[in-house]
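# Reading the structure
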Amino acid sequence: MLLRGSQALRRFSTGRVCFKNKLKLALIGQSLFGQEVYSHLRKEGHRVVGVFTVPDKDGKADPLALAAEKDGTPVFKFPRWRVKGKTIKEVVEAYRSVGAELNVLPFCTQFIPMDVIDSPRHGSIIYHPSILPRHRGASAINWTLVMGDKKAGFSVFWADDGLDTGPILLQRSCDVEPNDTVDTLYNRFLFPEGIKAMVEAVQLIADGKAPRISQPKEGATYEGIQKKENAEISWDQSAEVLHNWIRGHDKVPGAWTKINGQMVTFYGSSLLKSSVPPGEPLEIQGAKKPGLVTKAGLVLFGNDGKALMVRNLQFEDGKMIPASQYFSAGEMSVVELTAEEMKVAETIKVIWAGILSNVPMIEDSTDFFKSGASSMDVVRLVEEIRQRCGGLQLQNEDVYMATKFGDFIQKVVRKLRGEDQEAELVVDYVSKEVNEMTIKMPYQCFINGQFMDADDGKTYDTINPTDGSTICKVSYASLVDVDKAVAAAKDAFENGEWGRMNARERGRLMYRLADLLEENQEELATIEALDSGAVYTLALKTHIGMSVQTFRYFAGWCDKIQGSTIPINQARPNRNLTFTKKEPIGVCAIIIPWNYPLMMLAWKSAACLAAGNTLVLKPAQVTPLTALKFAELSVKAGFPKGVINIIPGSGGIAGQHLSEHPDIRKLGFTGSTTIGKQIMKSCAVSNLKKVSLELGGKSPLIIFNDCELDKAVRMGMGAVFFNKGENCIAAGRLFVEESIHDEFVTKVVEEIKKMKIGDPLDRSTDHGPQNHKAHLEKLLQYCEAGVKEGATLVYGGRQVQRPGFFMEPTVFTDVEDHMYLAKEESFGPIMVISKFPNGDINGVLQRANSTEYGLASGVFTRDINKAMYVSEKLEAGTVFINTYNKTDVAAPFGGVKQSGFGKDLGEEALNEYLKTKTVTLEY
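Quick caveat: nothing in here was measured; it's all calculated off a predicted structure.

This part is about the nonpolar core. Residues Met 510, Phe 551, Phe 639, Ile 703, Leu 734, Phe 744 and Met 831 are the most contacted members of the largest nonpolar core, which totals 111 residues. The leading source of residues in this core is helix H18 (residues 597–610), at 11 residues. A domain-level breakdown of this core finds at least three residues from each of domain 4 (434–694) and domain 5 (700–897). In this view, Ile 703 contacts Ala 712, Leu 734, Phe 735, Val 736, Glu 737, Ile 740, Phe 744, Phe 836 and Phe 860; residues no more than four positions away in its chain are not counted. Counting 39 residues, the second largest nonpolar core, distinct from the first, contains Val 37, Ile 125, Ala 152 and Ala 197.

Set out below in structure tokens:
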């Protein structure tokens with residue numbers, strides 16, 4: 001049975017009574033919490049003989065009353081239980097008529113007389129949201145935060161004639177997180193665990209096992225209900241104390257101060273752990289240092305020099321705004337609604353009318369709260385809109401910030417259009433006129449939804465391999481920046497909108513991001529050509545085109561991730577249900593290479609996001625620009641802050657810190673085997689992170705004499721020279737059957753001579769520059785080693801004499817198995833050819849498998865039986881038959897042996913970013 005309030009699985013049975021002893025109960029109180037306690041007590045087999053709750057307000061019954069009336073349980077709605085200190089006789093008689101054996105008070109605002117409290121044979125139990133004896137009184141949760149307690153919790157106690165002083169029956173506690181609010185504490189722990197505890201307490205009483213533990217005198221405190229006039233902020237305190245004061249008064253009554261002579265209430269406080277962002281000063285009465293209105297919120301300063309940030313402000317007239325809009329609050333224009341938006345508005349009007357049933361007509365001026373709505377109705381409004389408006393995800397604070405219907409519709413429409421997100425993003429571009437367009441390239445770290453300089457201000461040059469010129473300076477992420485990015489991702493996963501978002505809405509955002517990648521494909525392909533040397537036409541089709549396809553593919557998986565139901569051995573007479581759930585892992589780190597900058601990002605991050613994780617991605621140091629452009633587009637798509645973080649910089653600094661970071665739970669890496677081993681070691685030593693590695697390759701391609709030779713030549717060249725040879729699955733060694741060897745080599749050289757080497761932005765170019773200077777130098781050394789060992793250099797092997805990092809397509813023959821060229825990957829445009837005797841299938845297979853790598857492989861033959869036999873024997877993650885480089889977003893991709901483990905693409909990729917939870921319940 002699912003507990004609606006917490007969405008967590010509970011052991012509540014509807015099919016049979018789980019315990020022998022049951023009680024007749026009187027439920028005294030109100031609220032959604034009271035309703036849930038009532039419902040679950042009945043499901044456990046207890047008999048609720050009467051519900052005593054508050055009168056209807058503005059024609060609306062309390063949720064507890066609604067549930068009880070629906071079940072036919074007697075409901076009594078007394079405005080009070082006593083007058084002038086004396087119990088009202090008629091009220092007590094009505095109460096005693098139900099014959100309760102125990103009073104249960106889950107949440108009650110009325111004063112209940114002692115002759116009612118003591119009337120049942122088991123007395124009365126009360127739920128209180130603090131760890132008694134601390135924080136007695138009606139505002140216990142608030143004072144838990146105001147006082148900076150490290151632990152929060154609740155008590156179920158036996159009622160006596162004191163104020164929250166009765167003996168303890170049971171208590172539960174939880175840690176208070178640094179940025180917890182009343183809402184987060186209540187929703188995460190006090191509400192769901194409180195329901196469970198109340199049911200447990202009743203059963204302990206029924207079974208005669210309920211303790212009565214006297215409350216200690218030591219540590220007892222009492223705090224009354226805080227009034228608005230007493231909630232003014234006293235500024236001469238530390239940032240943490242100010243933060244606790246504001247969050248402890250969140251929503252009611254609201255911590256306030258004077259700004260420009262007007263009372264302004266602060267909501268949504270969080271401690272600022274990163275450096276203070278730039279902003280516009282705001283004088284605050286009583287504060288020694290002005291606040292700063294930044295694009296993220298209002299920064300406030302404590303007397304210890306530390307800072308906190310407030311998200312929302314409310315003025316005396318009740319209007320609430322984002323703190324970041326303090327200086328522009330009056331500039332928001334009214335938007336005209338499209339026909340589709342009008343339909344949404346009409347649906348929302350029906351929802352408002354259902355909640356505000358006492359209001360004859362919903363008009364633009366109708367105020368949600370002044371019409372009688374409560375905080376409980378806010379939750380209902382947000383949830384109904386999500387269900388009836390195509391998964392539209394609003395936050396509770398959206399309602400508080402636009403309380404009038406007309407303003408609320410305007411806010412909804414802006415959110416539908418993505419204007420809220422776009423307004424918050426500030427990008428400092430480097431712009432260039434190139435390829436008949438203006439390209440705009442972000443160059444800063446992207447952390448928590450904002451572009452920002454590295455913490456220490458360091459930058460580095462990213463180089464255009466076509467001519468060796470500097471494209472721009474890029475932020476060089478420090479350890480502090482990595483920590484900021486991980487903290488943002490962790491907060492987004494655990495506390496943010498992303499963690500609460502339903503899977504279909506997550507898919508909608510990913511589809512939108514795919515659309516934006518496609519809309520901007522020419523600019524992205526141009527940036528890819530500048531930054532990585534990719535030929536523009538290839539970048540357009542593959543680098544960008546496959547990135548779009550990848551996001552669309554995994555967007556479709558978001559709402560199709562599911563576990564399974566498992567039949568298990570039953571322990572008679574009990575019956576069990578066992579099922580598995582697929583859950584996101586948490587914060588994931590992704591480290592990608594420089595050969596396909598955007599496509600490698602897409603291959604890993606799309607699966608990661610589809611599974612519901614947040615991520616910190618480090619692009620290759622030499623190719624950061626399309627990743628940063630991707631970050632900009634992710635904001636336009638509507639991804640919440642902190643879900644995607646991009647930190648350009650060094651693998652030795654930023655990448656290593658990610659592999660060691662204790663808050664990273666999964667790391668996906670594509671790169672060299674040497675670095676992959678180091679990453680795996682760091683992930684194991686730090687916190688046993690889950691790891692997937694796509695590493696080096698020396699992929700064999702076997703060409704038999706019965707192949708279609710011209711096709712084999714064409715495909716074989718693509719297998720080696722595709723993307724300048726900077727291709728993880730490139731055919732690192734070709735085995736050509738002896739009888740066709742010479743003809744094959746001759747045809748390859750003839751085709752190479754036709755290739756045009758040049759500017760990657762020239763549409764007729766076949767072969768662009770190598771990615772960076774150090775890589776070009778490594779390739780030239782590779783060729784020198786081949787010549788020294790006695791391999792025959794048939795063609796190329798030299799740098800092209802022109803500016804930039806160009807290398808001639810190269811062909812080596814007579815490569816023996818012991819040679820360096822036969823064993824090591826070049827990762828460049830170098831074809832390494834070895835011949836094998838006619839008909840020696842098993843011999844060539846043994847040579848092909850004589851490598852520590854196993855990423856890809858290929859075979860060309862017209863004999864299907866031979867092809868299938870060879871594909872079965874080749875030790876590789878992928879085998880191509882009569883084709884090569886044919887990858888697809890639906891087909892899993894990954895290697896074996898020292899080429900790594902784990903899969904990108906296809907359904908299997910999702911498992912790299914999911915964890916399986918097994919749940920077994922008894923019923």
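Strand order in this open sheet of 7 strands is E34-E35-E36-E33-E32-E37-E38, and the pairing throughout is mixed. Strand pairing shows two members of the sheet lacking a second neighbour, strand E34 (792–795) and strand E38 (878–881), which therefore form its edges. Strand after strand, the sheet turns through a mean of 25 degrees between neighbouring axes, direction not considered. Set on the sheet, helix H23 (residues 738–754) makes contact with strand E32 (699–703), strand E33 (731–737), E34, strand E35 (810–813) and strand E36 (830–836); between it and E33 the angle comes to about 130 degrees.

The buried fraction of strand E4 (residues 47–53) amounts to 6 of the 7 residues, a majority that puts the element mostly inside the structure. When strand E3 (residues 24–28) meets E4, the two strands line up parallel, connected through 5 bridges. The residue of E4 that forms the bridge with Leu 27 is Val 51. Once the chain exits E3 it traverses helix H1 (residues 31–43) before rejoining the sheet at E4, and the crossover so formed is right-handed.

As a further point, take the packing of helix H8 (residues 339–355) against helix H9 (residues 375–388). H9 packs onto H8 with a crossing angle of 145 degrees between their chain directions and a minimal axis gap of 10 Å. In this structure, the crossing between H8 and H9 has a hand that is right-handed. Taken together, the residues of H9 that come into contact with H8 (itself represented by Thr 347, Ile 348, Val 350, Ile 351, Trp 352, Gly 354 and Ile 355) are Asp 377, Arg 380, Leu 381, Glu 384, Ile 385 and Arg 388. Its residues assigned to classes, the contact of H8 with H9 shows 7 nonpolar, 2 polar and 4 charged.

In the numbering used here, UniProt assigns the feature "site: Essential for catalytic activity" (unreviewed entry) to Asp 164. By secondary structure assignment, the location of Asp 164 is in the loop between strand E10 (151–158) and strand E11 (168–175). If we skip the residues at most four places from it in the chain, Asp 164 touches His 128, Leu 132, Arg 136, Gly 137, Phe 157 and Gln 215. At 2.9 Å, the side chain of Asp 164 and the backbone nitrogen of Gly 137 are in polar contact.

The next thing to look at is the environment of Gly 507. Within the element layout of this structure, Gly 507 appears in helix H15 (residues 503–519). Note: C-alpha distance between Gly 507 and Val 276 (231 residues apart in sequence) is 34 Å. With sequence-adjacent residues up to four places away left out, Gly 507 is seen in contact with Ala 555 and Cys 558.

Turning to the sheet that holds strand E40 (residues 914–922), a few remarks are in order. Within a sheet, adjacent strands bond to each other through the backbone by hydrogen bonds, running parallel or antiparallel. Pairing is antiparallel across the open sheet formed by 3 strands, whose spatial order is E25-E26-E40. Each edge of the open sheet is held by one strand with a lone partner, namely strand E25 (565–566) and E40. When strand E26 (residues 576–584) meets E40, the two strands line up antiparallel, connected through 9 bridges. Pairing of Phe 579 across the sheet is with Val 919, part of E40.

What counts as what
Residues numbered from 1 in each chain as written. Predicted model: local features only at pLDDT ≥ 70, side-chain atom pairs only at ≥ 80, totals over all residues. Heavy atoms only, no water. Core = buried A, V, L, I, M, F, W, Y, C linked by side-chain atoms within 4.5 Å. Buried < 20%, exposed > 50% of the residue type's maximum accessible area, 1.4 Å probe, protein only. Helix = DSSP H or I, 4+ residues; strand = E, 2+ residues; numbered from the N terminus. Domains from an automatic or database assignment. Contact = heavy atoms within 4.5 Å. Pairing = 2+ DSSP bridges. Axes fitted to C-alpha atoms, helices over the stretch in contact; angles between N-to-C directions. Right-handed = clockwise from strand over helix to strand, strands pointing away. Left-handed = near helix turned anticlockwise from the far one by under 90°. Nonpolar A, V, L, I, M, F, W, Y, C, P; charged D, E, K, R; others polar. UniProt positions renumbered as here; feature names shortened; annotations may be inferred. Polar contact = N/O pair within 3.5 Å; in protein donor to acceptor, adjacent residues only side chain to side chain.

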